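# A structural walkthrough
Chain by chain, the residues run as shown.
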Amino acid sequence: MKTQPSHPASSDCLFCKIVAGDIPANRVYEDEFCIGFPDINPQAPTHLLIIPRQHIASTAKAEAEHSALLGSLMSAAAKIARAEKLSKGYRIVVNTGEDGGQTVNHLHLHLLGGRHMNWPPG
Ligand code: AMP
Ligand code: ZN
């Protein structure tokens with residue numbers, strides 16, 4: 001019997017549909033593990049999302065087995081930031097759950113740049 005992947009693509013997940021190409025996105029970056037594309041509602045001059053191809057709902061569902069994947073998302077964000085020439089800096093945000101303000105339940109990094117970021121965030 002074929003074993004099921006631990007995190008199958010969720011048929012009702014927006015970002016799984018983007019990974020599958022069923023919903024269009026301008027892929028500014030892609031590698032074996034993740035893709036990067038502009039946020040539809042940008043909060044900064046540069047606002048990209050970096051998402052794993054594999055469906056993981058959030059960091060709350062991440063396990064030790066996902067360590068390499070999580071690392072590759074960060075590396076991809078750094079690579080994209082260099083390509084976008086964000087030499088003055090940028091912010092990487094990962095919203096998790098209701099209190100974290102997560103609205104799409106497929107783990108993703110926000111890469112924000114091109115303006116000064118305030119602290120603390122709202
Ligand atoms: P979060 O609120 O952290 O879960 O982030 C989800 C992000 O996905 C929001 O910033 C939305 O603007 C963005 N978003 C929703 N639908 C799309 C889409 N079809 N293409 C690109 N970004 C999207
Ligand atoms: Zn998904």
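Going along each chain's sequence as written, the residues are numbered from 1 onward. Each chain gets a letter, beginning with A, and each ligand a number, beginning with 1, in the order they are written. Selection of residues for local features in this predicted model requires a pLDDT of at least 70, selection of side-chain atom pairs for listing and counting requires 80 or more, and totals for whole chains, interfaces and linings are taken over all residues. By convention in this description, side-chain values take in all heavy atoms of the structure and omit both hydrogens and water.

Looking at an unreviewed UniProt entry, one finds the chain named Histidine triad nucleotide-binding protein, with Tunturiibacter empetritectus as its source organism.

## Observations concerning the site of ligand 1
We call a residue near a molecule or strand whenever a single non-hydrogen atom of that residue lies within 4 Å of it. Near ligand 1 lie 15 residues; those nearest to it are D39, N95, T103, H108 and H110. Backbone polar atom of T103 to an oxygen atom of ligand 1: 2.7 Å apart, as the coordinates give it. In the cavity and pocket records, a cavity denotes points on a 1 Å grid over the protein atoms alone where a 1.4 Å probe fits but cannot get out, a pocket denotes an open set with protein on both sides within 12 Å along at least 5 of 7 lines, and lining residues are residues with an atom within 4 Å of a point. Grid points define the cavity or pocket, and a molecule sits in it when more than half of its atoms lie within 2 Å of them. Its atoms largely coinciding with the cavity grid, ligand 1 occupies the largest pocket. Helix numbers and strand numbers start at the N terminus; a helix is a DSSP run of H or I with at least 4 residues, a strand a run of E with at least 2. Residue assignment for the shell around ligand 1 shows that the elements contributing at least two residues are α1 (14-20) and β2 (34-38). Class assignment of the residues belonging to the shell around ligand 1 gives a composition of 7 nonpolar, 7 polar and 1 charged. Two N or O atoms form a polar contact when they lie within 3.5 Å of each other; inside protein one atom must be a possible hydrogen donor and the other a possible acceptor, and for residues adjacent in sequence the pair counts only when both atoms belong to side chains. When residues are sorted by character, Ala, Val, Leu, Ile, Met, Phe, Trp, Tyr, Cys and Pro go into the nonpolar class, Asp, Glu, Lys and Arg into the charged class, and all the rest, Gly among them, into the polar class.

## Examining the nonpolar core
Counting 15 residues, the largest nonpolar core has C34, I50, L73, I80, L109 and L111 as the members making the most contacts within it. Secondary-structure elements contributing two or more residues to this core are β3 (46-52), α2 (67-83) and β5 (109-113). Among the elements that take part in this core, α2 stands out by supplying 6 residues, more than any other. A contact between two residues is defined here by any heavy atoms of the two lying within 4.5 Å. When neighbours within four sequence positions are excluded, C34 is seen to be in contact with Y29, I50, I51, P52, R53, S72, L73 and A76. Definition used in this section: a nonpolar core is a set of buried Ala, Val, Leu, Ile, Met, Phe, Trp, Tyr and Cys residues joined via side-chain atoms within 4.5 Å. In this scheme, a residue with accessible area under 20% of its type's maximum is buried, one over 50% is exposed, and one in between is partly exposed, where area comes from a 1.4 Å probe on protein chains only. F15, V19, I35 and F37 belong to the second-largest nonpolar core, a separate cluster that totals 10 residues.

## Concerning the coordination of the zinc ion (ligand 2)
Donors, by definition, are the N, O and S atoms found within 2.8 Å of a metal, the threshold being 3.2 Å for Na, K and Ca, and water is not counted, so a site can look incomplete. Protein ligation of the zinc ion (ligand 2) involves C13 (SG), C16 (SG), H55 (ND1) and H106 (ND1), the donor distances falling in the range 2.0 to 2.3 Å. Any site counts as irregular unless it has four donors with all angles between 85 and 135 degrees, making it tetrahedral, or four or six donors with opposite ones more than 155 degrees apart and the rest between 65 and 115, making it square planar or octahedral. Each of the 4 donor atoms around the zinc ion (ligand 2) contributes to a set of angles spanning 105 to 116°, which defines the coordination as tetrahedral. Sequence spacing of the donor residues for the zinc ion (ligand 2), all on one chain, is C-x2-C-x38-H-x50-H.

## A word on the UniProt feature "active site" (unreviewed entry) in the chain
UniProt positions are given in the numbering used here, feature names are shortened, and annotations may be inferred rather than shown by experiment. Residues annotated by UniProt as "active site" (unreviewed entry) correspond here to H108. Structurally, H108 is set in the loop between α3 (97-100) and β5.

## Observations concerning the packing of aromatic side chains
Two rings belonging to Phe, Tyr or Trp (six-membered ring only in the last case) form a pair when the distance between their centres is within 6.5 Å. Interplanar angles under 30 degrees mark stacking, angles over 60 mark edge-to-face geometry, and anything in between is tilted. Counted according to the given criterion, the structure contains 1 aromatic pair. Between F15 and F37 the ring centres are 5.8 Å apart and the planes differ by 80°, which places this aromatic pair in the edge-to-face class. Here F37 lies in strand β2 and F15 lies in helix α1, a separation of 22 residues in the sequence.

## Comments concerning α2
To estimate how far a helix should reach, multiply one less than its number of residues by 1.5 Å. End to end, α2 covers 24 Å across 17 residues, agreeing with the expected 24 Å (1.5 Å per residue, within 8%). Its buried side turned inward, α2 meets β1 (29-30), β2, β3, β4 (90-93) and β5. Downstream of α2 by one or two residues, K85 has phi in the positive range, about 60°.

## Comments concerning the pattern of salt bridges
Whenever a carboxyl oxygen of Asp or Glu lies within 4 Å of a side-chain nitrogen of Lys or Arg, that contact is scored as a salt bridge. In this structure the tally under the stated criterion is 2 salt bridges. Between R27 and E30 there is a salt bridge; the shortest N-O distance is 3.1 Å. R53 is the salt-bridge partner of E30, the closest N and O atoms lying 3.0 Å from each other. Taken together, the residues span a long stretch of sequence, with E30 in strand β1 and R53 in the loop between β3 and α2 at a distance of 23 residues.

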